Amino acid sequence: MANNMRYFIGNWKMFGVPKSINIVNKINTFIKSDKKYNRKYRVIITPPYTLLESFSKIFKKKLISIGSQNCYHKDNFSSNTGAVSPYMIKKIKAKYVIVGHSDNRAEGDTEDMLKKKVTFALKNKLKVIFCIGENKKERSNKLTFKTLKKQLSKVLEKKLNKDNIIVAYEPIWSIGTGKIPKSSDLSKTIKFIKKVLSNIFKTKKSIKVLYGGSVDSSNIGQFRSLQEIDGFLIGGASKSSKNFIDIIKNYYR
Ligand code: PGA
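Residues numbered from 1 in each chain as written. Predicted model: local features only at pLDDT ≥ 70, side-chain atom pairs only at ≥ 80, totals over all residues. Heavy atoms only, no water.

Draft legend 1. Inspection of the layout of surface pockets at higher detail. Here the largest pocket defines a volume of roughly 430 Å³. Considering the residues around the largest pocket, the lining is formed by 23 residues, among which Tyr49, Gln69, Asn70, Cys71 and Asn104 are closest to the centre. If you list the elements that add at least two residues to the lining of the largest pocket, you get helix 4 (102-106) and helix 5 (111-123). Here the residues of the lining of the largest pocket are counted per class, giving ten nonpolar, nine polar and four charged. (1 Å grid on protein atoms, 1.4 Å probe; cavity = no way out; pocket = protein on both sides within 12 Å on 5 of 7 lines; lining within 4 Å. Points joined across faces, edges and corners; volume = space filled by probe spheres on them. Helix = DSSP H or I, 4+ residues; strand = E, 2+ residues; numbered from the N terminus. Nonpolar A, V, L, I, M, F, W, Y, C, P; charged D, E, K, R; others polar.)

This is the structure we're talking about:
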């Protein structure tokens, strides 16, 4: 059963003020009444840094887990203005951290930096949601698999604790565009990613791979039959409790 566990992760990006806690409260109320919760799926919300501590405190003993959208690539106190380290995130009781989102890669995160982020996050016992994905050009040049393999093997390695790593496949051309991959392509890609992960970690145990990119309550049904997808990283549609709850409801319809 545990192996079929799905993750619905809300990535708020640059959204949210203190009263946005209402959104998380409503989602929490919904999952509290849903017997499938924790048996079939889990919910994680990643608010911006400004809300991370208050949300983590409020939801510490509740059903939803809270995660950070990013972390810095150094872990000791140092003179990096505006930076937040994995240690600081762990200390406020957040449980997860997203690493390698294409927004951050576009703003200068290199694979070397990502490797440090993943390593320090795991060292601090955070669970890592590691994002990968090809851009439009790589896709049209049929370089998707090559790109994904490189993104995985440059950052992940056998000595890392694979049990605390979830991979999120987010094709860049799909994020925020309303476009989603064809089911047959997506199925092949997710299987490919799982194969690469098995090779990196030298294990037969399947590592969780999520899909992200324009997931909403109207298209979630298209993913239902793809059992190899272990859950979803949801941006735009996670900013409203109704949309987010409808995604879960429609997935299990
Ligand atoms: P989207 O974003 O759902 O708005 O496409 C997903 C993401 O960037 O994680």
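Draft legend 2. Representation of the site of the ligand. Taken together, the neighbourhood of the ligand is formed by Asn11, Lys13, His101, Glu170, Ile175, Gly176, Gly213, Ser214, Leu233, Ile234, Gly235 and Gly236. Lys13 is positioned with one of its side-chain polar atoms (N or O) 2.6 Å from an oxygen atom of the ligand. The separation between an oxygen atom of the ligand and a polar main-chain atom of Gly236 is 2.9 Å. Relative to its free-state accessible area of 280 Å², the ligand is covered by the protein chains to the extent of 94%. Counted by class, the shell around the ligand contains three nonpolar, seven polar and two charged residues. (Near = heavy atom within 4 Å. Polar contact = N/O pair within 3.5 Å; in protein donor to acceptor, adjacent residues only side chain to side chain. Areas by Shrake-Rupley, 256 points an atom, 1.4 Å probe, with all protein chains shown as cover.)

Draft legend 3. Examining the packing of aromatic side chains more closely. Counted by the stated rule, this structure contains 15 aromatic pairs. Ring-pair connections join several aromatic residues into one group, and the members of that group are Phe8, Tyr37, Tyr41, Tyr169, Tyr211, Phe223, Phe232, Tyr251 and Tyr252. Just above the ring of Trp173 sits the side chain of Arg139; from NZ or CZ to the centre is 3.9 Å. (Phe/Tyr/Trp six-rings, centres within 6.5 Å; stacked < 30°, edge-to-face > 60°. Lys NZ or Arg CZ within 6 Å of the ring centre and 35° of its normal.)

Draft legend 4. Quick look at empty space enclosed by the protein. If you walk through the whole model with that rule in mind, you get one cavity of 30 Å³ or more. Here the largest cavity is characterised by a volume of approximately 40 Å³. Around the largest cavity sit Gly100, His101, Ser102, Arg105, Cys131, Ile132, Gly133, Gln151, Glu170 and Ile172, which together line it. When contributions to the lining of the largest cavity are tallied by element, the ones reaching two or more residues are helix 4 and strand 5 (127-132). The residue makeup of the lining of the largest cavity, split by class, is three nonpolar, five polar and two charged.

Draft legend 5. Summary view of the packing of helix 5 against helix 7 (residues 144-155). Remark: helix 5 packs on helix 7, axes separated minimally by 8 Å, with the N-to-C direction vectors making an angle of 55°. Judged on the interaxial angle alone, helix 7 and helix 5 are oblique. Considering how the two elements wind past one another, helix 5 and helix 7 form a crossing that is right-handed. Contacts from Glu111, Leu114, Lys115 and Val118 in helix 5 reach Lys150, Gln151, Lys154 and Val155 in helix 7. Here the residues of the contact of helix 5 with helix 7 sort into three nonpolar, one polar and four charged. (Axes fitted to C-alpha atoms, helices over the stretch in contact; angles between N-to-C directions. Parallel < 35°, antiparallel > 145°, perpendicular 65-115°, else oblique. Left-handed = near helix turned anticlockwise from the far one by under 90°. Contact = heavy atoms within 4.5 Å.)

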